[in-house]
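The lines below spell out each chain.
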Amino acid sequence: MTVPLQEGEGQPATVLSCLDYGSDQGITVIQKRRDFLAASRAKRQARPSMVVQARKRKADEPSVSPVRVGYTCSKKVGNAVARNRAKRRLREAARLILPHHAKPGWDYVLIGRKDGTAEREFTALLDDLRGALAKLHK
RNA sequence: GCGGAUGGCUGGAUGAUCGCGCCGGGAAAUCGGUGAGGAAAGUCCGGACUCCUUGAAGCGACGGCGCCGGAUAACGUCCGGCCAGGGCAACCUGAGGGAAAGCGCCACAGAAAUCAGACCUCCCGGCGACGGGGAAGGGUGAAACGGUGGAGUAAGAGACCACCGCCGGGCUGGCAACAGACCGGGCACGGCAAGCCCCGCCGGGAGCAAGGCCAAAUAGGGAUCGCGCGCCUUUCGGGGCAUGGCUGCUUCACCACAGCGAUCCGGGUUGGCUGCGUGAGGCGUUGCGCAAGCAACGUCCCAGACGAAUGGUCAUCCAUGGGAUUCGAUGGAAUCCCGGGACAAAAUCCGGCUUACAGGCCAUCCGCACAG
RNA sequence: GCUGCCGUGGCUCAGGGGUAGAGCACCCCCUUGGUAAGGGGGAGGUCGAGAGUUCGAAUCUCUCCGGCAGCA
């Protein structure tokens, strides 16, 4: 494990469990088209390796977990191999970063970009995600 | 050694660490097992499997296939052979039935494009106009009433002769496609069927978003139109005739009897389970076969997702590209640094085809050069 | 995943074996004091790509490439 992480990252998530939501269901995956469309109308941040969309859910919206995340890689990213690879890297980045930088009650959608998502240095990709989240939360 | 032909295999390896889908155990924490391809691709063919059509036969329409024999569940696939074309050769390529059943087309050029004939020209007579003989030569074209040579003639012509080609006939070899020699005919029969067509063979339609089950919700539907609620007989069992049901028609069988069919309007759902992996299955051995393949025996169980699982990072090694230094200086070898890993990811499942593919490996064969 | 359809000048489309066309747009000229309209002339095409059939292919056949639509 030589990925340079910031303090506390990579360890079992504590931030969300402290918020008393239950650590095993802290983050779930968005699978409904409706939720993707809602996120696409909210705020977004573009980085060389990805585009991040974030939306604070309304209070009456039902959800099984405080944080939800979805991944989108359209045909613009490339063929099936390129799309799968981009999606996997985004998932890995989200696994490392989101437990420490996400805010409860929010939905996030990570969108893959052609070449950028697959070829960018993984550490730079992590920085892209951290930077985008910080900007979106302001 | 150089150049080439064919067939087949492989498609980075190991480890560390953090993770993912599915299956099994467990109350849980979690533990164990397992997890992409030769093309998983394109969706171009063929099937299995489902649903729709009451079943069978015949005819028709439409579509596909097409040398011969074999393989196969089947095929437009594969194997072996034949023929034609290409190559010095190994070998490669070919949708390769029928053009004397009929129709159609063959632009331009050319005298003439399939059925008659003659533009320049050749020969004879003649000053010439012209008359007659002939189709060798020129020219046009993708293609011009066999080709080459001889003999012959005024010039010429299968009118004659030899060889080749073509057509017909039987014979021999072969299961056959076809091949071979022989005899006969002086030659008539241009091409296109991936134009219509003829002949032979095959094919009902839709597709896993097929289809089945469960749950929830609303409705328990409405309107219009068409054909109908049979007839005869009876010993009350039935029989006959109509009518409707064969997604073209006809015939036969069977079924149906009071509803059936068509169109439009309105309402609900975007959930779960199943189909879903023991199969025309893989591997090995033996036998049969030139081969594709088939048979017997043994052995193994090998992805099952549904916003869709195999990854992220790092190290070493391996193949490979570039640069530097040293040794050797003909090829090359060693060390260090940097770069860097083909095409492409199951989506109901099989058999093929087609297309994409860095590099590496193996086998067989051919030509040339050298040596022997 | 399955099933269909379409690729021809810059745009919209014809042409279905024999030298690639039409309308709009573009360029030049005439007309006008000038512009539009009108008239005359002109340029612009690997017919999506590659094989095959044919003497000859935009057209017929096959294989790829790209785009669009439908099906729970």
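Residues numbered from 1 in each chain as written. Chains lettered and ligands numbered in written order. Predicted model: local features only at pLDDT ≥ 70, side-chain atom pairs only at ≥ 80, totals over all residues. Heavy atoms only, no water.

Within an unreviewed UniProt entry, the label attached to chain A reads Ribonuclease P protein component, and the organism entered is Pontivivens insulae. For the record of chain A, the UniProt heading Subunit (unreviewed entry) holds the text "Consists of a catalytic RNA component (M1 or rnpB) and a protein subunit." Quoted verbatim from the Sequence similarities (unreviewed entry) heading of the UniProt record, the comment on chain A is "Belongs to the RnpA family." (UniProt positions renumbered as here; feature names shortened; annotations may be inferred.)

What follows concerns the pairing of strand S4 (residues 67-72). Most of S4 is tucked away: 5 of the 6 residues are buried. Taken together, the 3 bridges between strand S1 (residues 27-29) and S4 define a ladder with parallel strand orientation. Pairing of Ile27 across the sheet is with Val67, part of S4. In this sheet, strand S5 (residues 106-112) lies alongside S4 in parallel orientation, the contact comprising 6 bridges. Along S5, the bridge assignment pairs Val69 with Tyr108. Note that the unit made of S4, helix H3 (residues 80-101) and S5 has a crossover that is left-handed. (Buried < 20%, exposed > 50% of the residue type's maximum accessible area, 1.4 Å probe, protein only. Helix = DSSP H or I, 4+ residues; strand = E, 2+ residues; numbered from the N terminus. Pairing = 2+ DSSP bridges. Right-handed = clockwise from strand over helix to strand, strands pointing away.)

What surrounds RNA strand B is a group of 22 residues, the closest being Thr72, Asn84, Arg85, Arg88 and Arg95. The protein-proximal atoms of RNA strand B, defined as those within 4 Å of the protein, are 66% sugar or phosphate. Separating a base nitrogen of RNA strand B from a side-chain N or O atom of Thr72 is a distance of 2.9 Å. Separating a sugar or linking oxygen of RNA strand B from a side-chain N or O atom of Arg95 is a distance of 2.9 Å. Looking at the surface near RNA strand B, the element that brings in the most residues is H3, giving 9 residues. Class assignment for the residues of the surface near RNA strand B results in 9 nonpolar, 5 polar and 8 charged. (Near = heavy atom within 4 Å. Polar contact = N/O pair within 3.5 Å; in protein donor to acceptor, adjacent residues only side chain to side chain. Nonpolar A, V, L, I, M, F, W, Y, C, P; charged D, E, K, R; others polar.)

The terminal C-alpha atoms of H3, which comprises 22 residues, lie 30 Å apart, in line with the 32 Å expected from a rise of 1.5 Å per residue. Arg95 marks the point of greatest bend in H3, at about 35°, and the proline Pro99 comes within the next four residues. By the burial criterion, the buried members of H3 are Ala86, Arg89, Leu90, Ala93, Ala94, Leu96, Ile97, Leu98 and Pro99. (Expected span 1.5 Å × (residues − 1). Bend = angle between axes of the 7 residues up to and from the residue.)

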